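Residues per chain, in single letters:
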Amino acid sequence: IRNGKLGLYRSLRIEGGQKGVMISGNGSSSLLFIAILNSTVTLNKLSLTGGAGGAMQAYGGTITLSNSTVSGNSSHRGGGIVVGSDAGYTSKTVVNIINSSISGNTSSAGGGGIFLYSNSSAELNIHDSTISGNTSGSYGGGILVDHGSLLRIPEVRLNLFNSTVSGNFSGP
């Protein structure tokens, strides 16, 4: 991917096959921008790496990432994955991470591995996965649930099932 993002705006399944597929930004662009309303995106057996601007930004709908690796990405927020938005999106975002690894990602402002906006309706479910070796310049080396606006309290859920979050670093 050069000079931009791969935009997914409707229901879609990307299957990496037996050996899997690598999607790389070569350090010059973010990789996936998923903006869907009432749709489903399924990503299986992918390696998302080298995204400058993160690997995946998910707004609206249901996104499932399974048997995949998100590593070596960087961004201001959510070096690996951003869930939800601060831009006034009202559609609920549900991200399911299953049997996957989120590792070696960096952010300057928070959520080295995953940044979960709490001022939008969002749910992050992590099953049988590992979040490790991510770094943030401020808070949430592995996962940061942003405090959001005090004026609006949306429904935000972070659920971890049989997963490991370890070896992440935050702070200057």
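Please read these numbers as outputs of a predicted model, since none were measured by experiment. Within each chain, residue numbers correspond to sequence positions counted from 1 in written order. For this predicted model, a pLDDT threshold of at least 70 governs which residues receive local features, and a threshold of 80 or more governs which side-chain atom pairs are given and counted, while totals over whole chains, interfaces and linings are taken from all residues. To get the side-chain values, take all heavy atoms of the structure and skip hydrogens and water.

(A) Examining the packing of aromatic side chains more closely. Only rings of Phe, Tyr and Trp enter the pairing, Trp through its six-membered ring, and a pair is recorded when the two centres are within 6.5 Å. The plane angle decides the type: under 30 degrees is stacked, over 60 is edge-to-face, the rest tilted. If you walk through the whole model with that rule in mind, you get 1 aromatic pair. Here the aromatic rings of Phe-115 and Tyr-117 are separated by 4.7 Å at their centres, their planes lie at 75°, and the arrangement is edge-to-face. The classification of residues rests on relative accessible area computed with a 1.4 Å probe and restricted to protein chains. Under 20% of the type maximum is buried, over 50% is exposed, and intermediate values are partly exposed. By relative accessible area, which is 8% here, Tyr-117 ends up buried.

(B) Seen up close, the nonpolar core. Residues enter a nonpolar core if they are buried and are Ala, Val, Leu, Ile, Met, Phe, Trp, Tyr or Cys, with the set joined through side-chain atoms within 4.5 Å. Formed by 24 residues in total, the largest nonpolar core has its most connected members in Ile-81, Val-83, Ile-97, Ile-114 and Leu-124. Every helix listed is a DSSP run of H or I at least four residues long, and every strand listed is a run of E at least two residues long, numbered separately from the N terminus. At the level of elements, β5 (40–44), β6 (46–49), β7 (56–59), β8 (61–66), β11 (81–83), β12 (93–98), β15 (114–116) and β16 (122–127) are the ones that each hand at least two residues to this core. The leading source of residues in this core is β16, at 3 residues. Contacts are assigned to residue pairs with any non-hydrogen atoms lying within 4.5 Å of each other. Discounting chain neighbours no more than four positions away, the residues touching Val-83 are Ala-58, Thr-93, Val-95, Ile-114, Phe-115, Leu-116, Tyr-117, Ala-122, Glu-123 and Leu-124. The next biggest cluster of nonpolar side chains, apart from the first, holds 5 residues, and it includes Tyr-59, Phe-115, Tyr-117 and Leu-144.

(C) Broad picture of the pairing of β5. With respect to burial, β5 is a largely interior element, 4 of its 5 residues being buried. Bridge count for strand β2 (residues 12–15) against β5 is 4 bridges, and the pairing is parallel. Within β5, the residue paired with Ile-14 across the bridge is Leu-43. Two strands pair if DSSP finds at least two bridges between them. Where β5 lies against β8, 5 bridges are found, and the strand directions are parallel. Paired with Thr-40 across the bridge in β8 is Thr-62.

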